[in-house]
Amino acid sequence: MDLTARHDQRQTDADTKPRVIIHVCETCRSGAEAADTPRDGAILAERAKAMSAQGVEIRAVACLANCKRALSASIQSADGWSYVFGDLTADSAEDLLEGARLLSLSTDGLMPWKGRPDMLKRGMIARMPPLHPILHSTNKT
């Protein structure tokens, strides 16, 4: 049985899967938009999708429960820390993509402070540790 082809296919699949996912709260309101227009969170999500970058997936989600600091988004790493941001604007798509790029290139799983857009410095709500190390440490006896 030739396993080379399977290995190559797994590698190809791994290469096409996003290393970082940006979740944008599409239900967020900035308070500046008119009631009969799209919410600014939905506009931010669409702008981020339009700017897409390789290795980054953009997902519009309903409510990140950060309403007091809307607009909100998170940047989740496949093998690193994840971040929640607030106080964004409908024009923050480029900042989110730059944060995702920085996180995807990180060697320690953390988004570096240096080079991080100011909006992501001022608007950081929280960061969560990677899931995998937590699972490994709870399986030890």
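Residues numbered from 1 in each chain as written. Predicted model: local features only at pLDDT ≥ 70, side-chain atom pairs only at ≥ 80, totals over all residues. Heavy atoms only, no water.

Caption draft 1: Representation of the overall build of the chain. Of regular secondary structure, the chain possesses five helices and five strands. Element order for the chain, N to C, with α for helix and β for strand: α-β-α-β-β-β-α-α-β-α. For the chain, buried positions account for 35% of its 141 residues. As displayed, the chain has an accessible area near 8800 Å², and 54% of this comes from carbon and sulfur atoms. (Helix = DSSP H or I, 4+ residues; strand = E, 2+ residues; numbered from the N terminus. Buried < 20%, exposed > 50% of the residue type's maximum accessible area, 1.4 Å probe, protein only. Areas by Shrake-Rupley, 256 points an atom, 1.4 Å probe, with all protein chains shown as cover.)

Caption draft 2: Representation of helix α2 (residues 40-50) in the model. Asp 40, Gly 41, Leu 44, Ala 45 and Ala 48 are the residues of α2 that are buried. Buried residues along α2 cover an arc of 145° about the axis, so they all sit on one side. If you follow the buried residues of α2, they end up packed against β1 (20-25), β2 (56-61) and α3 (93-105). (Arc of directions from axis to C-beta. Contact = heavy atoms within 4.5 Å.)

Caption draft 3: Structural detail: the packing of α2 against α3. In contact at an axis separation of 8 Å, α2 and α3 are set at 55° when each is read in the N-to-C sense. In this view, α2 runs oblique relative to α3, as classed from their interaxial angle. Crossing of α2 over α3 shows right-handed handedness. Each of Leu 44, Arg 47 and Ala 48 in α2 lies in contact with α3, whose residues at this interface are Ala 93, Leu 96 and Leu 97. (Axes fitted to C-alpha atoms, helices over the stretch in contact; angles between N-to-C directions. Parallel < 35°, antiparallel > 145°, perpendicular 65-115°, else oblique. Left-handed = near helix turned anticlockwise from the far one by under 90°.)

Caption draft 4: Representation of the layout of surface pockets in the model. Estimated volume of the largest pocket: approximately 160 Å³. Of all the elements in the fold, those that place two or more residues in the lining of the largest pocket are β3 (73-77) and α5 (131-138). A per-class count over the lining of the largest pocket returns five nonpolar, five polar and one charged. (1 Å grid on protein atoms, 1.4 Å probe; cavity = no way out; pocket = protein on both sides within 12 Å on 5 of 7 lines; lining within 4 Å. Points joined across faces, edges and corners; volume = space filled by probe spheres on them. Nonpolar A, V, L, I, M, F, W, Y, C, P; charged D, E, K, R; others polar.)

Caption draft 5: Representation of the packing of aromatic side chains in the model. All chains considered together, the criterion is met by one aromatic pair. Plain terms: the ring middles of Tyr 83 and Phe 85 are 6.2 Å apart, the flat faces sit at 10° to each other, and that makes the pair stacked. The pair formed by Tyr 83 and Phe 85 is uniform in burial state, with each residue classed as buried. Sitting above the plane of the Trp 81 ring, Arg 127 keeps its charged end 4.7 Å from the centroid. (Phe/Tyr/Trp six-rings, centres within 6.5 Å; stacked < 30°, edge-to-face > 60°. Lys NZ or Arg CZ within 6 Å of the ring centre and 35° of its normal.)

Caption draft 6: Here's a closer look at the sheet that holds β3. What the five strands build is an open sheet, ordered β2-β1-β3-β4-β5; its pairing is mixed. In this open sheet, the two edge strands, each paired with only one partner strand, are β2 and β5 (124-128). Within the sheet, the average angular offset between the axes of one strand and its neighbour, ignoring direction, is 15°. Sheet analysis places strand β4 (residues 82-85) next to β5, joined by four bridges and oriented antiparallel. In the strand pairing of β5, Val 84 is matched with Ala 126. (Pairing = 2+ DSSP bridges.)

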